[in-house]
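Fold and contact review
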Amino acid sequence: MAWLDPQWFTLEALTAEWRRKDVRKWMIGVITVTVVLILLSQPETVPTALTIDSVGIDVFLALLEMQIMVVVLLYREQLLQWLRTADAADDVLGALMRKLVSLGRNMRLVIRGSFRE
């Protein structure tokens, strides 16, 4: 059926086309085009837009996740030292971290039933 054929625009033809279409692939394409167009509007992000356009948004996000994992693994000791220092400090971040740990510990005790009378 030709693209501009009037029979193509009937409800039955559009429904059949929608059933044949791979929705996930179509959505990834729409998201990729949207992100590329948004990034092309700023001159600083043109190289990123061209990279996303060439490999696709799903591959670009996988590469970005891999880079984040590598950075975390490379700076693991520094991150752990920073967290230990922040936990021992008497500022807002240290208090928040201690509260979150105690909240988790107390929730575990409640689930076990340790607070029953």
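Residues numbered from 1 in each chain as written. Predicted model: local features only at pLDDT ≥ 70, side-chain atom pairs only at ≥ 80, totals over all residues. Heavy atoms only, no water.

1. A closer look at the overall build of the chain
A tally of regular secondary structure across the chain gives six helices and zero strands. Seen in sequence order, the chain has helices and strands lined up from the N terminus as α-α-α-α-α-α. A total of 117 residues make up the chain; the buried ones form 12% of that total. When contacts within the chain are restricted to residue pairs at least 6 apart in sequence, those whose partners lie at least 24 apart make up 10%. Accessible surface, the chain as shown: approximately 10100 Å² in total, 67% of it carbon and sulfur. (Helix = DSSP H or I, 4+ residues; strand = E, 2+ residues; numbered from the N terminus. Buried < 20%, exposed > 50% of the residue type's maximum accessible area, 1.4 Å probe, protein only. Contact = heavy atoms within 4.5 Å. Areas by Shrake-Rupley, 256 points an atom, 1.4 Å probe, with all protein chains shown as cover.)

2. A short note on the pattern of salt bridges
For the structure on display, the rule yields one salt bridge. We note a salt bridge from Glu-77 to Arg-76, for which the minimum N-O separation is 3.9 Å. Assessed through its relative accessible area of 43%, Arg-76 is described here as partly exposed. (Salt bridge = Lys/Arg side-chain N within 4 Å of Asp/Glu carboxyl O.)

3. With respect to a nonpolar patch on the surface
On the surface, Leu-61, Leu-64, Met-66, Ile-68, Met-69, Val-70, Val-71, Val-72, Leu-74, Tyr-75 and Leu-79 cluster together into a nonpolar patch covering about 1000 Å² of accessible area. Per-element accounting of the nonpolar patch gives the leading share, nine residues, to helix 4 (residues 57–74). Position of Leu-79 among the secondary structure elements: in helix 5 (residues 76–88). The partly exposed category is assigned to Leu-79, whose relative accessible area is 39%. (Patch = residues over 30% accessible without salt bridge, like charges linked within 9 Å, V, L, I, M, F, W, Y side chains within 5 Å.)

4. A short note on the confidence of the model for the chain
Taken over all residues, the pLDDT of the chain has a mean of 84, while the share at 70 or more is 90%. Of all secondary-structure elements in the chain, the lowest mean pLDDT belongs to helix 1 (residues 11–20), at 77, while helix 4 reaches the highest, 91. (pLDDT = per-residue confidence, 0-100.)

5. As for the packing of helix 3 (residues 46–55) against helix 4
The N-to-C vectors of helix 3 and helix 4 enclose an angle of 115°; their axes lie 6 Å apart at closest approach. Residue-level inspection shows Thr-48, Thr-51, Ile-52 and Val-55 of helix 3 in contact with helix 4, the latter providing Ile-57, Asp-58, Val-59 and Phe-60. Of the residues belonging to the contact of helix 3 with helix 4, the class tally is five nonpolar, two polar and one charged. (Axes fitted to C-alpha atoms, helices over the stretch in contact; angles between N-to-C directions. Nonpolar A, V, L, I, M, F, W, Y, C, P; charged D, E, K, R; others polar.)

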